[in-house]
Amino acid sequence: MGEHFFAESFDRGTLDSWVLSKAKKEDIDEDIAKYDGKWEVEDMKDSKLPGDKGLVLKSRAKHHAISAQLLRPFIFDTKPLIVQYEVNFQQGIDCGGAYVKLLSQTPDLNLDEFVDKTPYTIMFGPDKCGEDYKLHFIFRHKNPKTGEYEEKHAKKPDSDLRTYYTDKKTHLYTLVVNPDNSFEVLVDQTVVNSGNLLTDMTPPINPAAEIEDPDDHKPDDWDERPKIQDPDAVKPEDWDEDAPKQIPDEDAVKPDGWLDDQPEYTSDPDAVKPEDWDEDMDGEWEAPQIPNALCETAPGCGAWQRPMIDNSNYKGKWKAPMIDNPNYQGVWKPRKIANPDFFEDLHPFRMTPFNAVGLELWSMSSDIFFDNFFITNERHTAERWANDGWGLKKAAEGAAEPGLVNQMMTAADERPWLWVVYVLTVAVPLILIIVFFCTGKVRDHRPFKKQEDDVLRRSPRNTKGRKD
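Residues numbered from 1 in each chain as written. Predicted model: local features only at pLDDT ≥ 70, side-chain atom pairs only at ≥ 80, totals over all residues. Heavy atoms only, no water.

A few points about unusual backbone geometry
Inclusion rule: By the criteria applied, helices consist of DSSP H or I runs no shorter than four residues and strands consist of E runs no shorter than two, each listed in order from the N terminus. Three exposure classes are used, based on accessible area relative to the maximum for each residue type with a 1.4 Å probe and protein chains only: buried under 20%, partly exposed in between, and exposed over 50%.
Note the cis peptide between Thr-202 and Pro-203, where omega equals -10 degrees. Notably, Asn-181 is not glycine yet its phi reads approximately 80 degrees, a positive angle. Within the secondary structure, Asn-181 sits in the loop between strand 12 (171-177) and strand 13 (182-187). Asn-181 sits in the buried class, given a relative accessible area of 4%. A positive phi is found at Asp-367, a non-glycine position, where the angle reads about 60 degrees. In this fold, Asp-367 is placed in the loop between strand 24 (354-363) and strand 25 (368-376).

And the structure:
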């Protein structure tokens, strides 16, 4: 039988079960070190369900930290972990996160002092800055040899996440981690990422059994060259390295009418020296050059030169041909040795227990709406909770959706290339119909019409004077 460890829908309209951090961030300017971002419990601004309240991050460019204790610690044993909650970016999101942290159960955990360095077991949820749309699933893995913790990041979802951050709708984020080390990340009850803790986390859970020996060095005489110049090759006696690449075409003939004595450009006879021209400052004035009018009808002007052509005797700098290196030893690599830090944890699901949930966020956007936090070990219970909360919001938002045309216009505003699709979808069939009716001919589609007429003419019933 499943049980839940945390459930918060904010229907009471208060923050009674939540603790605002009174701490400051370390290693940061004093002016912004405080966690003084405001939180409120209030209705969604464009709510389709009046009276349905949520936790709202109210401040821009502030650090926010708020947390709540679980009913009991979550122990990673034989049952899965399901974490889900709702987010609505009511004002859109420029740069900021909306992820949750599951705070590790430690003797010195103090929610009044909740900061970015407070140990957590899992961090999960949306995060966006610029055009980088993320959906985090990170967990802190304890090294069984050293006892130190290292963050492990799930691979990036293949799905396009942009819509969830821009449509100003309420979305349900769900994380499922199973005792067999498999995991799923869902948005609106649809899987957008999945994998296994042992194979799909970065860096990997388990280090390599062997590593390259850091004390092994490539010998000075190690030859990594697969090809070398042939040491026995000799430059041919007739190889002329000084031959030019191109030479004048001796067969070329100057075109008739070429004006040798005429320049291509000549001084503009209509040009006048500016009144403010100072020869001491500006130098001797010269009229600007313009194309020579006499050259417009001639094949060319000025001194004629033979055109250049490729030199058939050109060979360039001689180089000895390349041959296989008889001393080639391959690409050198240091030898492998046993990894002194090797361990094998086949059950990374057995994470550090956690006993609180927290939101520790910086955002350049305000009015981020959170609701219906739920942590359980039974998936069907989570789905029922989702249907009773997010499901109602989805139904209400769907009922208030604009018509199809408005939806298409909105989509095209976000993705201008859709206008091309709309035009092709509507215009092409319309053009084909117009062409068909304007150019088509009326044709008798009865293939046996002529044969029928012949039979009728020969029929006794069609004889003159005969009545039907």
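Still more ground to cover, so stick around.
Quick look at the pairing of strand 14 (residues 190-196)
Using the following cut-off: Two strands qualify as a pair provided DSSP detects at least 2 bridges between them.
Two elements, strand 13 and strand 14, share 6 bridges in a ladder whose sense is antiparallel. From the neighbouring strand, Leu-186 faces strand 14, where its bridge partner is Val-191.

Here we look at the side chain of His-63
Test applied: In what follows, a contact means two residues having at least one pair of non-hydrogen atoms within 4.5 Å.
Topologically, His-63 is positioned in strand 5 (residues 62-74). If near-sequence neighbours (up to four positions away) are discounted, His-63 is found in contact with Lys-25, Ile-28, Ile-32, Lys-34, Tyr-35, Asp-36, Gly-37, Leu-361 and Trp-362.

What about helix 3 (residues 379-388)?
As a reminder of what qualifies: Throughout, the arc means that of the directions going from the helix axis to the C-beta atoms. Any pair of nitrogen or oxygen atoms within 3.5 Å is treated as a polar contact; in protein, a donor-acceptor pairing is required on top of that, and neighbouring residues in sequence qualify only through side-chain atoms on both sides.
Of all the residues in helix 3, the buried ones are Thr-381, Ala-382 and Ala-386. All buried residues of helix 3 fall inside an arc of 140 degrees around its axis, so they share one side. Along helix 3, the residues that are exposed and aim more than 90 degrees away from the buried face are His-380 and Asp-388. At its buried positions, helix 3 is contacted by strand 6 (81-89), strand 12, strand 25 and helix 4 (390-399). Where helix 3 begins, one side-chain oxygen reaches toward the backbone nitrogen of His-380, 3.2 Å away; that side chain belongs to Glu-378.

Some details on the packing of aromatic side chains
Under the convention used in this document: Aromatic pairing here means that ring centres of Phe, Tyr or Trp (its six-membered ring) are within 6.5 Å. Orientation follows from the plane angle: under 30 degrees is stacked, over 60 is edge-to-face, and everything else is tilted. For a ring to carry a charge above it, either NZ of a lysine or CZ of an arginine must fall within 6 Å of the ring centroid while also lying within 35 degrees of the normal to the ring plane.
As enumerated under the stated definition, the model contains 20 aromatic pairs in all. Ring geometry for Phe-10 against Trp-18: centres 5.8 Å apart, planes inclined by 25 degrees, an arrangement best described as stacked. Using a relative accessible area of 1% as the deciding quantity, one classes Phe-10 as buried. One aromatic cluster is present, formed by Phe-6, Phe-10, Trp-18, Trp-39, Tyr-85, Phe-124, Tyr-173, Phe-370 and Phe-373 through successive ring pairs. The ring of Phe-5 has Arg-72 lying over it, and the distance from NZ or CZ to the ring centre is 5.6 Å.

Quick look at the pairing of strand 4 (residues 53-57)
For a regular strand, side-chain orientation follows a simple rule: the groups alternate between the two sheet faces. Along strand 4, 4 of the 5 residues are buried, which leaves the element largely enclosed by surrounding structure. Note that strand 3 (residues 39-43) and strand 4 share 5 bridges and pair antiparallel. In the sheet register, Asp-43 faces strand 4, and the bridge partner there is Lys-53. Looking at chain direction, strand 4 and strand 25 are connected through 3 bridges and run antiparallel. When the sheet's bridge partners are listed, Leu-55 is paired in strand 25 with Phe-370.

Some thoughts on the pattern of salt bridges
To keep it simple, the criterion reads: By definition here, a salt bridge exists when the distance from a side-chain nitrogen of Lys or Arg to a carboxyl oxygen of Asp or Glu is within 4 Å.
Tallied over the full model, the rule gives 28 salt bridges. The partner of Lys-62 in a salt bridge is Asp-36, and the shortest N-O contact between them spans 3.5 Å. Linking Lys-62 in strand 5 with Asp-36 in the loop between strand 2 (18-20) and strand 3, this pair joins segments that are 26 residues apart in sequence. A relative accessible area of 32% means that Lys-62 is categorised as partly exposed. By relative accessible area, Asp-36 is classed as partly exposed at 30%. Between Asp-260 and Lys-254 there is a salt bridge; the shortest N-O distance is 2.9 Å. A relative accessible area of 34% places Asp-260 in the partly exposed class. Lys-254 gets classed as partly exposed once you look at its relative accessible area, which sits at 34%. Salt bridges sharing common partners tie together Glu-42, Lys-45, Lys-58 and Asp-367.

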